[in-house]
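Analysis of the macromolecular model
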Amino acid sequence: RVAQENARPTLRFDTQVLQAEDRRKRVLGWLRDAIEDGPIEPWWQPILCANGVLAGFEALARWRGPDGQAISPAEFIPLAQSSGLIAALTDRILQRSLAALAQWRAEGLVAETAYTSVNFPPSALLDPAFPQYLSAAVASHDLPPSALCVEVTESDAAAPGEPMERITTKLRRLGFRLAIDDFGTGYSSLASLNRLAFETVKIDQSFVRGMMEQPRLHEMIRAIVGMARALGLRLVAEGVETQEQAQALGREGVDRMQGYLYARPMPEPDLRQWLQNRRVG
Ligand code: C2E
Ligand code: MG
Ligand code: MG
Ligand code: MG
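This write-up is about the structure you can find in this document.

The rules behind the values
- Residues numbered from 1 in each chain as written.
- Chains lettered and ligands numbered in written order.
- Predicted model: local features only at pLDDT ≥ 70, side-chain atom pairs only at ≥ 80, totals over all residues.
- Heavy atoms only, no water.
- Donors = N, O, S within 2.8 Å, 3.2 Å for Na, K, Ca; no water.
- Near = heavy atom within 4 Å.
- Polar contact = N/O pair within 3.5 Å; in protein donor to acceptor, adjacent residues only side chain to side chain.
- Helix = DSSP H or I, 4+ residues; strand = E, 2+ residues; numbered from the N terminus.
- Core = buried A, V, L, I, M, F, W, Y, C linked by side-chain atoms within 4.5 Å.
- Buried < 20%, exposed > 50% of the residue type's maximum accessible area, 1.4 Å probe, protein only.
- Contact = heavy atoms within 4.5 Å.

1. Considerations on the coordination of the magnesium ion (ligand 2)
Protein ligation of the magnesium ion (ligand 2) involves Glu58 (OE), Asn119 (OD1), Glu151 (OE) and Asp181 (OD), the donor distances falling in the range 2.1 to 2.2 Å. Considered as a linear motif, the donors of the magnesium ion (ligand 2) on their single chain read E-x60-N-x31-E-x29-D.

This is the structure in structure tokens:
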């Protein structure tokens, strides 16, 4: 019968689902301990002005599991989100990032204007206590609100409702920076931009990656830049990997760059070395 013929593929599918479920459970088990004991740490990737001056950093969560293998944020961030552990994880990344920035500032390794970007989940921006929480966090490290850029991905900001509008407006009034991440990949880019109080647009790396080969992508970047200019927004291009991309983006008027061409995300000691080398050179 037909069912007989289907038996094999169905079985293989079940096995894959079971393996994925297994992996999910195992990583989730590790995750609880990892947030408490500390193997999840931020690394930092520099963000540079078009003229080469350091603007700030983006904190990116990094984790090596108990089996010694690196686990990607693409795997553990969604898991943290669905399991209620994301607030604890975010708090850890935030506190470590502010502490590090305060230290680098105090040592004169970075300018007083350098900021750290932290990625936040939508649940944070829907919490009425979030602005107060952030104010307390920067104050406890003797930093001004402008030392922190709140990044939220475009898909998370999609269909923004009243609460998110109110909270983002409040954040801007308090002096925090606010960036829309992965811009251009969602289905309501313009609605989010119109309704939420962003001051920076991060052009998604998928546009940058193909821009030299695909004129249409280049045109879309040009349109995003024109729109951002007209609205008085800052721009950061993500995923800049080649000199050609950097030059083309600079010609279009993109004012900030982030990507492997300049620096990869680095742990604290490497970043410190990177900063010291720049000062000397
Ligand atoms: P994102 O916020 O858009 O971060 C940029 C991603 O691009 C990072 O991947 C970074 O390592 C990568 N990248 C930077 N420059 C280049 C380049 O030149 N070429 C290429 N191919 N990639 C580049 P990563 O660290 O794997 O993070 C992936 C995503 O996971 C992030 O995207 C962010 O959405 C999320 N994420 C990472 N850390 C956190 C965190 O602490 N909290 C939250 N909520 N999300 C996080
Ligand atoms: Mg980001
Ligand atoms: Mg991004
Ligand atoms: Mg992303």
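2. Side note on the site of ligand 1
Not every one of the 19 residues close to ligand 1 is listed here, only the nearest: Arg62, Asp181, Gln205, Glu241 and Tyr260. Between ligand 1 and glutamate 58 there is a distance of 3.0 Å, counted from an oxygen atom to a side-chain nitrogen or oxygen. Between ligand 1 and aspartate 182, the relevant distance is 3.0 Å, taken from an oxygen atom to a side-chain nitrogen or oxygen of the residue. Elements with a minimum of two residues in the shell around ligand 1: strand S2 (54-64), helix H2 (73-82) and strand S6 (177-183). If you tally residues by element for the shell around ligand 1, the top one is S2, at four residues.

3. Regarding the nonpolar core
If you look at the biggest cluster of nonpolar residues, it comprises 79 residues, and the most contacted ones within it are Leu31, Ile40 and Trp104. Here this core takes nine residues from helix H3 (residues 86-106), the largest share from any one element. Ignoring sequence-local partners within four residues, the contact set of leucine 31 consists of Ile40, Trp63, Phe76, Leu79, Ala80, Leu85 and Leu89. Counting residues in each nonpolar core, the second largest holds seven residues, with Cys49, Ala55, Tyr115 and Cys149 among its members.

4. Structural notes on the side chain of glutamine 258
Looking at the element boundaries, glutamine 258 is found in the loop between strand S9 (256-257) and helix H12 (268-280). A distance of 2.9 Å separates polar atoms of two side chains, one belonging to glutamine 258 and the other to glutamine 45. In this view, glutamine 258 contacts Gln45, Pro46, Ile47, Glu58, Lys202, Val236, Ala237, Glu238, Gly239 and Val240; residues no more than four positions away in its chain are not counted.

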